[in-house]
Amino acid sequence: MCADHSYSVMEFTLDLQLLRAVMAIARTGSISAAAEELALSQSAVTKQLQRIEDRLGVRLFERRARGVEPTVYGEALVRRGQLIDRQLGDTLDELRALAGGERGDVAIGAGQTWLHGPLPRALTRLVKRRPGVRVRVIAEPMPRMLDELRASRLDLVFAPWTEEIDRSAIAWTPILVDDLQVMARRGHPLVRTPPASLRDLDPFGWALSGPANPTRRRLAAIYEHEGLHMPGPVIEAESLTLLTGLVRGSDLLTVLPNVRFPWMKRGLAVIDSPRMAWRRASGIFRRQDAVPTPAARALLDELLRVCRSFYGEAGLAVEATADLLSAVPDIPQEEPVMLAEVAR
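Rules of the game
Residue indices begin from 1 for each chain and proceed along its sequence in written order. For a predicted model such as this one, the threshold for reporting local features is a pLDDT of at least 70, and the threshold for listing and counting side-chain atom pairs is 80 or more; totals across whole chains, interfaces and linings nevertheless cover every residue. Only hydrogens and water are removed before side-chain values are computed, so all heavy atoms of the structure are retained for them. Geometry is summarised by axes, namely lines fitted to C-alpha atoms with helices restricted to the contacting stretch, and by angles between N-to-C directions that run from 0 to 180 degrees. Here a helix means four or more residues in a row that DSSP labels H or I, a strand means two or more in a row labelled E, and each is numbered from the N terminus. If an angle is under 35 degrees, it is roughly parallel; if it is over 145, roughly antiparallel; if it lies from 65 to 115, roughly perpendicular; otherwise it is oblique. The contact criterion used throughout is that any non-hydrogen atoms of two residues lie within 4.5 Å. Only Asp, Glu, Lys and Arg are considered charged, only Ala, Val, Leu, Ile, Met, Phe, Trp, Tyr, Cys and Pro nonpolar, and every remaining residue, Gly among them, polar. Accessibility here uses a 1.4 Å probe with only protein chains present; expressed as a share of the type maximum, an area under 20% marks a residue as buried, one over 50% as exposed, and anything in between as partly exposed. The directions from the helix axis to the C-beta atoms are what the arc is built from. A cavity here means a set of points on a 1 Å grid, drawn over the protein atoms and nothing else, where a 1.4 Å probe fits but cannot get out; a pocket is an open set with protein on both sides within 12 Å along at least five of seven lines, and a residue lines either one if it has an atom within 4 Å of a point. Grid points are joined across faces, edges and corners, and a volume is the space filled by probe spheres set on the points. Think of a nonpolar core as a cluster: buried Ala, Val, Leu, Ile, Met, Phe, Trp, Tyr and Cys residues, connected wherever their side-chain atoms sit within 4.5 Å. Pairing of aromatic rings covers Phe, Tyr and the six-membered ring of Trp, with a centre-to-centre limit of 6.5 Å; geometry is then stacked below 30 degrees between planes, edge-to-face above 60, and tilted otherwise. What pLDDT reports is the predictor's confidence in each residue, on a scale of 0 through 100. Helix span, as expected, comes to 1.5 Å for every residue beyond the first. For the purposes of these results, a polar contact is taken to be a pair of N or O atoms within 3.5 Å, where, inside protein, one atom must be able to donate a hydrogen and its partner to accept one; residues adjacent in sequence count only when each atom of the pair is a side-chain atom. Think of it this way: DSSP has to see at least two bridges between two strands before they count as a pair.

## A look at the packing of helix α2 (residues 31-38) against helix α3 (residues 42-56)
Turning to step 1, where the next piece is worked out: Taken N-terminus to C-terminus, the directions of α2 and α3 make an angle of 110°; their axes are 8 Å apart at the nearest point. Relative to α3, α2 is oriented roughly perpendicular. Two secondary-structure elements touch here, α2 through I31, S32, A35 and L38 and α3 through Q42, V45, T46 and L49.
Turning to step 2, where the next piece is worked out: Split by residue class, the contact of α2 with α3 holds 5 nonpolar, 3 polar and no charged.

## Quick look at the side chain of Q48
Turning to step 1, where the next piece is worked out: Along the chain, the position of Q48 falls in helix α3.
Turning to step 2, where the next piece is worked out: Once residues within four sequence positions are removed from consideration, Q48 is found in contact with Q17, L18, A21 and L40.

## What about α2?
Turning to step 1, where the next piece is worked out: Burial in α2 covers these residues: I31, A34 and A35. What you see down the axis of α2 is that its buried residues fit within an arc of 100°, all on one side.
Turning to step 2, where the next piece is worked out: Just downstream of α2, A39 is the residue with a positive phi angle, here 60°.

## Considerations on the layout of surface pockets
Turning to step 1, where the next piece is worked out: In this model, the largest pocket occupies a volume close to 400 Å³.
Turning to step 2, where the next piece is worked out: In terms of lining, the largest pocket is formed by 29 residues, of which the most central are Q112, S209, N213, T215 and E238.
Turning to step 3, where the next piece is worked out: At the level of secondary structure, the elements contributing two or more residues to the lining of the largest pocket comprise α5 (112-115), α7 (142-150), β5 (156-160), β7 (207-208), α9 (214-225), α10 (240-248) and β9 (254-257).
Turning to step 4, where the next piece is worked out: Here the element with the most residues in the lining of the largest pocket is β9; it accounts for 4 residues.
Turning to step 5, where the next piece is worked out: Looking at the lining of the largest pocket residue by residue, the classes come out as 17 nonpolar, 8 polar and 4 charged.

## Digging into the nonpolar core
In a soluble, globular protein the nonpolar side chains are often hidden away together inside.
Turning to step 1, where the next piece is worked out: Of all hydrophobic cores here, the largest spans 23 residues; its most connected members are W114, F158 and L303.
Turning to step 2, where the next piece is worked out: When residues no more than four places from it in sequence are discounted, the contact partners of W114 are L119, P120, F158, A159, I175, L176, S282, G283, L303 and C307.
Turning to step 3, where the next piece is worked out: Core analysis: the second largest hydrophobic core is formed by 19 residues, V22, A24, I25 and V68 among them.

## Regarding unusual backbone geometry
Turning to step 1, where the next piece is worked out: Notably, A39 is not glycine yet its phi reads approximately 60°, a positive angle.
Turning to step 2, where the next piece is worked out: A positive phi angle, near 65°, is found at S152, a position not held by glycine.
Turning to step 3, where the next piece is worked out: Tracing the chain through its elements places S152 in the loop between α7 and β5.

## Things to note about the environment of L304
Turning to step 1, where the next piece is worked out: As for its position among the elements, L304 is in helix α12 (residues 294-311).
Turning to step 2, where the next piece is worked out: Here L304 falls in the buried class, since its relative accessible area comes to 2%.
Turning to step 3, where the next piece is worked out: Expressed as a C-alpha distance, the spacing of L304 and A122, which sit 182 residues apart in the sequence, is 8.3 Å.

## Focus on the packing of aromatic side chains
Given two aromatic rings, their pairing is described by the distance between the two centres and the angle made by the two planes.
Turning to step 1, where the next piece is worked out: Throughout the structure, instances matching the rule amount to 3 aromatic pairs.
Turning to step 2, where the next piece is worked out: Here W172 and F285 contribute two aromatic rings whose centre-to-centre distance is 6.1 Å and whose plane-to-plane angle is 40°, an arrangement assigned as tilted. Residue W172 is found in strand β6 (residues 170-185), and its partner F285 is found in strand β11 (residues 277-287); the two are separated by 113 residues along the sequence.
Turning to step 3, where the next piece is worked out: By way of ring pairs, the aromatic residues W161, W172 and F285 are connected into one cluster.

## Regarding the confidence of the model for the protein chain
One rule of thumb: low pLDDT means the predicted coordinates there are not for detailed reading.
Turning to step 1, where the next piece is worked out: Residues at a pLDDT of 70 or more form 81% of the protein chain, whose mean pLDDT is 80.
Turning to step 2, where the next piece is worked out: Per-element confidence in the protein chain ranges from a low mean pLDDT of 27 for helix α14 (residues 337-340) to a high of 94 for β7.
Turning to step 3, where the next piece is worked out: Segment residues 7-12: pLDDT under 50, and 5 contacts once partners within four positions in sequence are set aside and those in other chains are kept.

## Considerations on α9
Residues three or four positions apart in an α-helix share a direction because the helix packs 3.6 residues into each turn.
Turning to step 1, where the next piece is worked out: Between its terminal C-alpha atoms α9 stretches 16 Å, which fits the 16 Å expected from 12 residues at 1.5 Å a residue.
Turning to step 2, where the next piece is worked out: Three or more residues of α9 are buried, namely P214, T215, R216, R218, L219, I222 and Y223.
Turning to step 3, where the next piece is worked out: Between the side-chain oxygen of the N-cap and the backbone nitrogen of T215 there are 2.9 Å, and the N-cap of α9 in question is N213.
Turning to step 4, where the next piece is worked out: The first or second residue beyond α9 is G227, which carries a positive phi of 75°.

## Quick word on the pairing of β11
Turning to step 1, where the next piece is worked out: Counting buried positions along β11 gives 10 out of 11 residues, so the element sits mostly inside the fold.
Turning to step 2, where the next piece is worked out: Both β5 and β11 contribute to a ladder of 4 bridges, which runs antiparallel. Across the sheet, the residue bridging to F158 is I284, located in β11.
Turning to step 3, where the next piece is worked out: Where β6 meets β11, 11 bridges bridge the pair, whose relative direction is antiparallel. Residue pairing in the sheet places A171 in a bridge with R286 of β11.

## Digging into the side chain of S30
Turning to step 1, where the next piece is worked out: Here S30 lies in the loop between α1 (16-28) and α2.
Turning to step 2, where the next piece is worked out: Relative accessible area serves as the criterion here: at 17%, S30 is assigned to the buried category.
Turning to step 3, where the next piece is worked out: Among the polar contacts made by the side chain of S30, one reaches the side chain of S32 at a distance of 3.4 Å.
Turning to step 4, where the next piece is worked out: For S30, the residues in contact, after removing those within four places along its chain, are I25, G67 and V68.

Below, the structure written as C-alpha cells:
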C-alpha cells in the first residue's frame, strides 16, 4: 500500500458513504455485521473499505480471528468521522429549522407608530412561538433606515409611505390605513374652542419629529397648501414617548395616528378640525432583489395577526392573508389617491 500521506484539503474528497462504512465496521467489529447494519452486501462493504484505504494510503483495520480491529489510523478516522456525522446532523437540523422559520436572524427598522403600536406585541408572539429567532430593531430617521435597507443591513423597514425612495431598488407593501389628527392635552383651549384656521394653532407651538419624518412633512404640506409657512417646532424629538409626555404636560400640539392603542392617547384629545385630519397608509419597505427569509415571514405573519386585532379588516390595506409580501408584491406606479389627499 502506498505510504504517501501528504493530503491536500483542496484535492481530497471523502464520500460520506465510505466514512459511514468505516464507522459501522468499527462499531460492529466485522465487515459482515457492518454490511447487515447498512443493508448492503458484504462484498460492497469490502469494496468501500478498500476504496477509502487506497485513497488515504493507510490500513484502517487489522483482520483478527474474530473480526477486525481498527488501526491507529482507523481509530483517528472513526473519532473524527463521528464528529463529522454529528455536525452534519446538526447542520441539517439547523437548515430545517431555518427553512421552517424556527431559527434565524431578522434585522428591522421601525417608525414610531410601529414601535409603540403593533410591533411589540408581534415580537412577543414571535419569540414565544419561535424561541430560536433573533430580532434586531433600530429606530432611526427614515432616510437612515432606508440607507440601511439598501445596504442589506436591514431586512425590512416598517414605516409610512414616503416619496423619497428609489423605486427600482425598494418595494413597498401597504399594510395599515389610519387617520392622522392634531392632538393636545385634555382641557386644552383648542379642545373647548376648535380652531377656525391654521393660524389659530401657531401660538401654542408644535412638538414633532425631525424634518425627514413623513408625518411632519405631510403637516408642512398642509400649511403650504394654504399658502402658509409652518413654524418650526418648539420641541423636536424622535421619541414618541417623549413627545406625547410633553404634550400631556403643556399646551403644545402634536400629530398622532388615531389608532386603537389607548396608552398612546391617554390624557390627550383630538383637535376637532376637518382640515387637520388626513388619511395615510403605512407598511413594509424591502429590497426589490431580496427574498424574505422564513424567520422574516414568520414575523410578518405575527404582525398581520396583531394588526387585525387592533384595526379590524377595515383598517388593513392588504387582503388578510398569511403572506403579506405576496398580497401586494410591488410598489404601486402612482401613490393611491387616499394617500395623496391632504384633507378628507
